[in-house]
Amino acid sequence: MTRLPKADGLLLVTGSRTAALADKISEVAGSFLELIEVPNHTSDRDIPCPDTLLICDERGLDSGDLAKHLGITYVPCLATQLAGRIAPVEPGPEAAPPARGMPLERFEISSKTFASVDTAASEGLYRLERADHKRPYQIFRGGNWYQTSYEEGVFLELAHDPAGEKDHVRWKPEDDGQRDDMGQLIVDWGTPLPPAQGRLATLCSGLTPVFAEVTGAGGFTKYDNVPYSVATTIARSVHQSLKVF
């Protein structure tokens, strides 16, 4: 259980959730706390996501004691703590080069897509297709191959290319202006956040991100209730310059 940043004391229940824990929370909430269950909507193609559980503590109870009573761990504000620890995205350990004849696809920065190539004739991000049908991602630089993931590899390529765009991570302040350092983190579809950065952004609200499609222009992902300082940290960790609008 953790507090959301600048959310009037709202507590988020996160992590693995058993039926027994859900029953315990409902029991306690019915006595002296307000329990808010927020549905998380996902597309028909995605695995359904459980409702977000938020606890509104109007009595100012000791959060540590409440967590202990529920049998869970309390962290004051996990989002801001993780923001201070997140490491910049870097290539992973060295990897074996693709086997001769292995199907290869190279990431094209201009289109943010992969295109088939005969050989790894130039440096870049590659998607391989192994005999077991797994499709790992590797980066070829300086004559060596390195392990990576799709999300991390894309941002590494953008950072490595002198002409690569550096404005794929944006932040929009809240419209009402009452919390001038809080807003939405917005990321393009072609450059999704790596898992660590995505979890950090999600922990700012406890809600799944919103996916929006723009006709003729792809789309973007929005994360709510993200402090400017956290947005800056996320952008810096993926080698981007945070664009504010």
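As shown above, the structure is provided for reference.
Computed from a prediction, not measured in an experiment: that's the story for all the values here.

Analysis parameters
- Residues numbered from 1 in each chain as written.
- Predicted model: local features only at pLDDT ≥ 70, side-chain atom pairs only at ≥ 80, totals over all residues.
- Heavy atoms only, no water.
- Helix = DSSP H or I, 4+ residues; strand = E, 2+ residues; numbered from the N terminus.
- Buried < 20%, exposed > 50% of the residue type's maximum accessible area, 1.4 Å probe, protein only.
- Contact = heavy atoms within 4.5 Å.
- Areas by Shrake-Rupley, 256 points an atom, 1.4 Å probe, with all protein chains shown as cover.
- Lys, Arg positive; Asp, Glu negative; His and termini not counted.
- Charge placed at Lys NZ, Arg CZ, Asp CG, Glu CD.
- Disulfide = S-S within 2.5 Å.
- Salt bridge = Lys/Arg side-chain N within 4 Å of Asp/Glu carboxyl O.
- Axes fitted to C-alpha atoms, helices over the stretch in contact; angles between N-to-C directions.
- Parallel < 35°, antiparallel > 145°, perpendicular 65-115°, else oblique.
- Nonpolar A, V, L, I, M, F, W, Y, C, P; charged D, E, K, R; others polar.
- Pairing = 2+ DSSP bridges.
- Core = buried A, V, L, I, M, F, W, Y, C linked by side-chain atoms within 4.5 Å.
- Polar contact = N/O pair within 3.5 Å; in protein donor to acceptor, adjacent residues only side chain to side chain.
- Phe/Tyr/Trp six-rings, centres within 6.5 Å; stacked < 30°, edge-to-face > 60°.

**Considerations on the overall build of the protein chain**
Right, on to step 1. Within the protein chain, the secondary structure is distributed over six helices and 15 strands.
Right, on to step 2. Projected onto its principal axes, the C-alpha positions of the protein chain cover 65 × 40 × 35 Å.
Right, on to step 3. A burial count over the protein chain gives 39% of its 245 residues as buried.
Right, on to step 4. Sequence-distant contacts in the protein chain: of pairs separated by 6 or more residues, those separated by 24 or more amount to 59%.
Right, on to step 5. When the accessible area of the protein chain is evaluated, it comes to approximately 13500 Å², of which 51% is carbon and sulfur surface.
Right, on to step 6. Mean positive and mean negative side-chain charge positions of the protein chain (24 and 34 charges, respectively) differ by 4 Å.

**Structural notes on the state of the cysteines**
Put plainly, a disulfide is one covalent bond tying together the sulfur atoms of two cysteines.
Right, on to step 1. If you walk through the whole model with that rule in mind, you get zero disulfides.
Right, on to step 2. The thiol sulfur of Cys77 is not disulfide-bonded, and the nearest other cysteine sulfur, from Cys204, lies at 7.3 Å.

**Description of the pattern of salt bridges**
Right, on to step 1. Throughout the structure, instances matching the rule amount to seven salt bridges.
Right, on to step 2. Measuring nitrogen to oxygen at the nearest pair gives 2.7 Å for the salt bridge that ties Glu105 to Arg135. On the criterion of sequence distance, the pair formed by Glu105 in strand β6 (residues 104-108) and Arg135 in the loop between β8 (124-128) and β9 (137-141) is long-range, its members being 30 residues apart.
Right, on to step 3. Using a relative accessible area of 14% as the deciding quantity, one classes Glu105 as buried.
Right, on to step 4. Note that Glu174 and Arg179 form a salt bridge whose closest N and O atoms lie 2.4 Å from each other.
Right, on to step 5. The class for Glu174 is partly exposed, based on a relative accessible area of 24%.

**A closer look at the packing of helix α5 (residues 195-202) against helix α6 (residues 228-237)**
Right, on to step 1. Their axes nearest at 10 Å, the elements α5 and α6 cross at an angle of 175°. Comparing their axes, α6 and α5 come out roughly antiparallel. Together, Gln197, Leu200 and Ala201 of α5 and Val230, Ile234 and Ser237 of α6 make up the contact between the two elements.
Right, on to step 2. Class assignment for the residues of the contact of α5 with α6 results in four nonpolar, two polar and no charged.

**Side note on the sheet that holds strand β13 (residues 210-213)**
Right, on to step 1. Here we have five strands laid out as an open sheet, ordered β13-β14-β12-β11-β15, and mixed in their pairing. The open sheet terminates on both sides in strands that have one partner only, identified here as β13 and β15 (243-244).
Right, on to step 2. The pairing of strand β11 (residues 169-173) with strand β12 (residues 182-188) spans five bridges and is classified as antiparallel. By the bridge assignment for β12, Arg170 is matched with Ile186.
Right, on to step 3. Packing against the sheet, α5 makes contact with β12 and β14 (219-227), and its axis sits at approximately 55° to β14.

**Regarding the nonpolar core**
One recurring pattern in soluble globular proteins: nonpolar side chains tend to sit buried together.
Right, on to step 1. Membership of the largest hydrophobic core comes to 38 residues, with the highest contact counts inside it found for Leu185 and Val226.
Right, on to step 2. Once you skip the residues sitting within four places of it in the chain, Val226 turns out to touch Trp171, Asp181, Met182, Gly183, Leu185, Ala201, Cys204 and Ala231.
Right, on to step 3. Listed in part, the 13 residues of the second largest apolar core include Val13, Val28, Leu66 and Leu70.

**Describing the side chain of Glu105**
Right, on to step 1. In terms of polar contacts, Glu105 uses its side chain to reach the side chain of Arg127, at 2.7 Å.
Right, on to step 2. In this structure Glu105 touches Phe114, Ala115, Ser116, Val117, Leu125, Tyr126, Arg127 and Arg135, once residues within four positions along its chain are discounted.

**Brief notes about the packing of aromatic side chains**
Right, on to step 1. What the rule picks out here adds up to seven aromatic pairs.
Right, on to step 2. Between Tyr137 and Tyr150, the aromatic rings sit 5.7 Å apart at their centres with planes inclined by 45°, giving tilted as the arrangement. Separated by 13 residues along the polypeptide, Tyr137 in strand β9 and Tyr150 in helix α4 (residues 150-160) bring together distant segments of the chain.
Right, on to step 3. By relative accessible area, which is 22% here, Tyr150 ends up partly exposed.

**A few points about the side chain of Glu157**
Right, on to step 1. In this structure, Glu157 sits in helix α4.
Right, on to step 2. Not counting chain neighbours up to four residues away, the residues in contact with Glu157 comprise Phe107, Ile109, Gly124, Leu125 and Arg141.

**Observations concerning α4**
Right, on to step 1. Regarding α4, the residues found buried are Gly153, Val154, Phe155, Leu156, Glu157 and Leu158.
Right, on to step 2. On the buried face of α4, the contacting elements are β6, β8, β9, β10 (144-148) and β11.

**Focus: the sheet that holds strand β5 (residues 94-95)**
Right, on to step 1. Pairing within the open sheet is antiparallel, and its six strands lie in the order β5-β10-β9-β8-β6-β7. With partners counted over all chains shown, the strands left at the sheet margins are β5 and β7 (113-117), one partner each.
Right, on to step 2. Pairing geometry for β8 and β9, over four bridges, is antiparallel. Within β9, the residue paired with Arg127 across the bridge is Tyr137.
Right, on to step 3. Sitting on the sheet, α4 touches β6, β7, β8, β9 and β10, and the angle it makes with β9 is about 25°.

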